[in-house]
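A closer look at the structure
Next come the chains, spelled out residue by residue.
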Amino acid sequence: MDRQQMKDKLKEKLPTKRFEHSVGVEYTAATMAFMYGVDCKKAMLAGLLHDCAKYVPNDKKIQKCEKRGIPISECEYKNPDLLHAKLSAVYAKEKYGITDNEILSAITCHTTGKPAMTTLEKIIYIADYIEPNRNILPEMDIIRKEAYTDLDTCLLHILHNTIHYLEKNGSHIDPMTQETYEFYNQLRG
Ligand code: DGI
Ligand code: FE
Ligand code: FE
């Protein structure tokens, strides 16, 4: 499947706004790939497809992950939307023909992050948050600059603000989100 065919298929699977968000992540990831010397094609594919399973109904998300033996945390059982990251990697492989494991892992961890991410994984996590169509979140101007000056500072800033937002709303923090935060917080020293 070439890139245009992938785009056409994705457009059918997502509401307009989510499709536009995906294209925003595709191109934001490309600019970050230039900055950090990462394979631009990989960054664009991961960006384009990162949310491809977002609109699978939540009960199906659980079913499909269970069927493939993908581990599901207690927090993911309570908030099955979190599984769209893992399931989007499955769909990228099964339905869009992506075989590259660097792309697939960047899609897998785009929502919670994980400790010791590769540069491509960081780029997708960050591009998802800062792409131009995203609603403006607190400190977005600073976070967008950090994305092009210091990846780890940017990552920690997003994790900090996300955890703060989740706590404020009484949402459960997934252990992977917490571990990622602690990892990058310790790294800063
Ligand atoms: O899919 P997107 O909307 O583009 O962005 P995303 O994949 O980063 O998902 C964002 C949502 O995920 C947002 O509503 C916050 C939520 N989220 C991220 N980490 C956690 C979380 N929700 C819970 N309950 N726990 C987490 O640790
Ligand atoms: Fe997502
Ligand atoms: Fe997204």
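One can find the structure itself at the top, above this paragraph.
Below is a summary of the structure that appears in this document. This structure is a prediction, so every number in the text was calculated from the model and none was measured.

Here we take up the side chain of Asp51. Secondary-structure assignment places Asp51 in the loop between α3 (40–49) and α4 (58–67). Taking the relative accessible area as the measure of exposure, Asp51 reaches 2% and is therefore buried. Side chain to side chain, Asp51 and Arg18 meet in a polar contact 2.9 Å long. Setting aside anything within four residues of it in sequence, one finds Asp51 in contact with Leu14, Arg18, His21, His84, Ser88, His110 and Asp128.

Time to look at the coordination of the iron ion (ligand 3). Looking at the iron ion (ligand 3), the protein donor atoms are His21 (NE2), His50 (NE2), Asp51 (OD) and Asp128 (OD), and they sit 2.1 to 2.2 Å from it. Counting along the primary sequence, the residues that act as donors to the iron ion (ligand 3) give the motif H-x28-H-D-x76-D.

This part takes up the site of ligand 1. What surrounds ligand 1 is a group of 16 residues, the closest being Lys54, Thr111, His172, Asp174 and Thr177. Contacts to ligand 1 include His110, whose side-chain N or O atom sits 2.9 Å from an oxygen atom. Within the backbone of His172, a nitrogen or oxygen atom sits 2.7 Å from a nitrogen atom of ligand 1. Coverage of ligand 1 by the protein chains reaches 81% of its 570 Å² of free accessible surface. One can see that ligand 1 is located within the largest pocket. Looking at the shell around ligand 1 residue by residue, the class counts come to three nonpolar, seven polar and six charged.

Geometry reference: four tetrahedral donors at a metal, ideal angle 109.5 degrees. Six octahedral donors, ideal angles 90 or 180 degrees. Binding of the iron ion (ligand 2) to the protein goes through Asp51 (OD), His84 (NE2) and His110 (NE2), at separations of 2.1 to 2.2 Å. Considered as a linear motif, the donors of the iron ion (ligand 2) on their single chain read D-x32-H-x25-H.

As a further point, take the layout of surface pockets. What the largest pocket holds in volume is close to 1,200 Å³. In terms of lining residues, the largest pocket is bounded by 36 residues, among which Tyr129, Arg134, Leu137, Thr162 and Tyr165 are the most central. Here the lining of the largest pocket is composed, by residue class, of ten nonpolar, 15 polar and eleven charged. Estimates place the volume of the second largest pocket at around 250 Å³. Around the second largest pocket, the lining comprises 17 residues; the ones closest to its centre are Glu76, Lys86, Thr108, Thr112 and Met176. Mapped by element, the contributors of at least two residues to the lining of the second largest pocket are α6 (84–96), α7 (101–108) and α11 (175–188).

Okay, the pattern of salt bridges next. Overall, the coordinates contain 13 salt bridges when judged by the stated rule. A salt bridge links Lys54 to Asp81; the nearest nitrogen and oxygen atoms lie 3.3 Å apart. Of the two residues, Lys54 sits in the loop between α3 and α4 while Asp81 sits in the loop between α5 (74–78) and α6, which places them 27 residues apart along the sequence. In the salt-bridge network here, residues are joined through shared partners; they are Arg3, Lys7 and Glu26.

Turning next to the environment of Asn161. The residue Asn161 is located in helix α10 (residues 151–168) in this model. Separated by 24 residues in the primary sequence, Asn161 and Asn185 have C-alpha atoms spaced 13 Å apart. The contact partners of Asn161, leaving out residues within four places of it in the chain, are Tyr129, Pro138, Glu139 and Ile143. Polar side-chain contacts of Asn161 include one of 3.3 Å to the side chain of His160.

Parameters and conventions
Sequence positions are assigned chain by chain, starting from 1 and proceeding in written order. Numbering of ligands from 1 and lettering of chains from A proceed in the order in which they are written. At least 70 in pLDDT is required for a residue's local features to be given in this predicted model, at least 80 for side-chain atom pairs to be given and counted, and no such filter applies to totals for whole chains, interfaces and linings, which use all residues. With hydrogens and water set aside, each side-chain value is computed from the structure's full complement of heavy atoms. Working definition: helices are DSSP H or I runs of at least four residues, strands are E runs of at least two. Numbering for both runs from the N terminus. The buried label goes to any residue with under 20% of its type's maximum accessible area, the exposed label to any with over 50%, and the partly exposed label to all in between, with areas taken from a 1.4 Å probe on protein chains only. Between N or O atoms, a polar contact is any pair within 3.5 Å; within protein, one atom must be a potential hydrogen donor and the other a potential acceptor, and residues adjacent in sequence are included only when both atoms are from side chains. Contacts are residue-level and defined by heavy atoms, with any inter-residue pair within 4.5 Å sufficient. Only nitrogen, oxygen and sulfur atoms qualify as donors, and only when within 2.8 Å of the metal (3.2 Å in the case of Na, K and Ca); with water excluded, sites may look incomplete. The cutoff for a nearby residue is simple: one of its non-hydrogen atoms must lie within 4 Å of the molecule or strand. Exposure was quantified through the Shrake-Rupley algorithm and a 1.4 Å probe, taking into account, for residues, occlusion by the shown protein chains and nothing else. Definitions used for this entry: grid spacing 1 Å over protein atoms alone; cavity, a set of points where a 1.4 Å probe fits but cannot get out; pocket, an open set with protein on both sides within 12 Å along at least 5 of 7 lines; lining residue, one with an atom within 4 Å of a point. A molecule is said to be in a cavity or pocket once over half of its atoms fall within 2 Å of that pocket's grid points. Following the grouping adopted for this structure description, the nonpolar residues are Ala, Val, Leu, Ile, Met, Phe, Trp, Tyr, Cys and Pro, the charged ones are Asp, Glu, Lys and Arg, and the polar ones are all others, Gly among them. Grid points are joined across faces, edges and corners, and a volume is the space filled by probe spheres set on the points. Here a salt bridge means any side-chain nitrogen of Lys or Arg lying within 4 Å of a carboxyl oxygen belonging to Asp or Glu.

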